[in-house]
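The chain contents come next:
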Amino acid sequence: VAIGQKGSTVAQIVKTLELLKFADQLTAKQLTNINYNLGRMYEDIEEADKAIPYYEKSLIGEPNYEVVHRALGFIYLAKSTSAVAKINETKAKNDVEGNKKAFEAYKILILKALPHLEKYQACDPDEETLNIITNLYKSFKDTKSIETLNARLKEMSGKCVTLLDDE
């Protein structure tokens, strides 16, 4: 993100946060949109951790909002890379206890990512995301979830929101 662009996005964030002071005067759909846009803006300036709560609030307003599921799934997946590095580091050192802790940290993040990735896959199927989901389940030997994945995706696919209507 270019410095000027980042400054512009930060200014937009400040203005958008001001809108939330009037939350009691806004419709649920307006709040959903505002929270989604705040999440996206925080991602634009590479502050994914700050995006998460706004994306989660957006899902409260519209639980089937595909782009929010995509964003959260890939944020949690990206956060897992540090846990993977720790797993590899502790494995190389034969640090069994450290490896166990690192794997648990990894699993927590992946279990946060998977429902979002699955919803995104159900709404906008692609081979790459499907492979990611399958490999994540394989990473902690969850064959049952792999076996039932297609049924879950089919069930979720009928409830997808790709765009929110403006009010």
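Residues numbered from 1 in each chain as written. Predicted model: local features only at pLDDT ≥ 70, side-chain atom pairs only at ≥ 80, totals over all residues. Heavy atoms only, no water.

Enquirer: What exactly am I supposed to notice about the overall build of the protein chain here?
Expert: A count of helical and extended segments in the protein chain gives 8 helices and 0 strands. Mapped in sequence order, the helices and strands of the protein chain form the string α-α-α-α-α-α-α-α. Across its three principal axes, the protein chain shows a C-alpha extent of roughly 55 × 40 × 30 Å. Split by element, the accessible area of the protein chain, about 10000 Å² in all, is 54% carbon and sulfur. (Helix = DSSP H or I, 4+ residues; strand = E, 2+ residues; numbered from the N terminus. Areas by Shrake-Rupley, 256 points an atom, 1.4 Å probe, with all protein chains shown as cover.)

Enquirer: Please explain the nonpolar core as it appears in this structure.
Expert: One broad rule of soluble globular proteins: the nonpolar side chains tend to lie buried together. Residues Tyr55, Val68, Leu72, Tyr106, Ile110, Leu114 and Leu136 are the most contacted members of the largest nonpolar core, which totals 36 residues. Mapped by element, the contributors of at least two residues to this core are helix H2 (28-44), helix H3 (48-61), helix H4 (66-92), helix H5 (96-123), helix H6 (127-139) and helix H8 (149-157). For Ile110, the contacting residues outside a window of four places in its chain are Leu77, Ser80, Leu136 and Phe140. (Core = buried A, V, L, I, M, F, W, Y, C linked by side-chain atoms within 4.5 Å. Buried < 20%, exposed > 50% of the residue type's maximum accessible area, 1.4 Å probe, protein only. Contact = heavy atoms within 4.5 Å.)

Enquirer: I would appreciate a short explanation of H3 in the present structure.
Expert: Three- or four-residue spacings in an α-helix give side chains the same orientation, since the helix completes a turn every 3.6 residues. With 14 residues, H3 extends 20 Å from end C-alpha to end C-alpha; this agrees with the ideal 20 Å at 1.5 Å per step. Residues of H3 that are buried include every one of Ala51, Ile52, Tyr54, Tyr55, Ser58 and Leu59, and no others. (Expected span 1.5 Å × (residues − 1).)

Enquirer: Could you clarify how one ought to interpret the environment of Ala78 in this entry?
Expert: Considering the arrangement of structural elements, one finds Ala78 in helix H4. Classification of Ala78 by relative accessible area gives partly exposed; the value is 46%.

Enquirer: Would you explain the environment of Ala85 in this entry?
Expert: Its place among the elements puts Ala85 in helix H4. Accessibility expressed as a relative area gives 43% for Ala85, which makes it partly exposed. Here the alpha-carbon distance between Ala85 and Tyr106, two residues 21 residues apart in the chain, equals 9.8 Å.

Enquirer: Looking at this structure, I do not really get the pattern of salt bridges. What am I missing?
Expert: Oppositely charged side chains can pair when the atoms bearing their charge come close. The final tally for this structure, using the stated rule, is 7 salt bridges. Between Glu18 and Lys21 there is a salt bridge, with the nearest N and O atoms lying 3.0 Å from each other. Look at Glu18 and you get partly exposed, because its relative accessible area is 37%. One salt bridge connects Asp49 with Lys79, and the closest N-O pair in it is separated by 2.7 Å. (Salt bridge = Lys/Arg side-chain N within 4 Å of Asp/Glu carboxyl O.)

Enquirer: Help me out: how do you make sense of H6 in this one?
Expert: Compared with the 18 Å implied by 1.5 Å per residue over 13 residues, the 18 Å span of H6 between its first and last C-alpha is a close match. Those residues of H6 not exposed but buried are Thr129, Ile133, Thr134, Leu136 and Tyr137. Across the axial projection of H6, the buried residues extend over an arc of 160°, all falling on one side. Exposed and oriented more than 90 degrees from the buried face of H6 are Glu127, Glu128 and Lys138. (Arc of directions from axis to C-beta.)

Enquirer: Looking at this model, I keep getting lost on the state of the cysteines. Mind explaining?
Expert: What is meant by a disulfide is a covalent connection between two cysteines, made through their sulfur atoms. Scanning the model with the defined rule gives 1 disulfide in all. Here Cys123 connects covalently by a disulfide to Cys160, the sulfurs 2.1 Å from one another. The chirality of the disulfide connecting Cys123 with Cys160 is left-handed, given an S-S dihedral of about -90°. With Cys123 in helix H5 and Cys160 in the segment after H8, the pair connects residues that are 37 residues apart, well separated along the chain. The class of Cys123 is buried, set by a relative accessible area of 17%. (Disulfide = S-S within 2.5 Å.)

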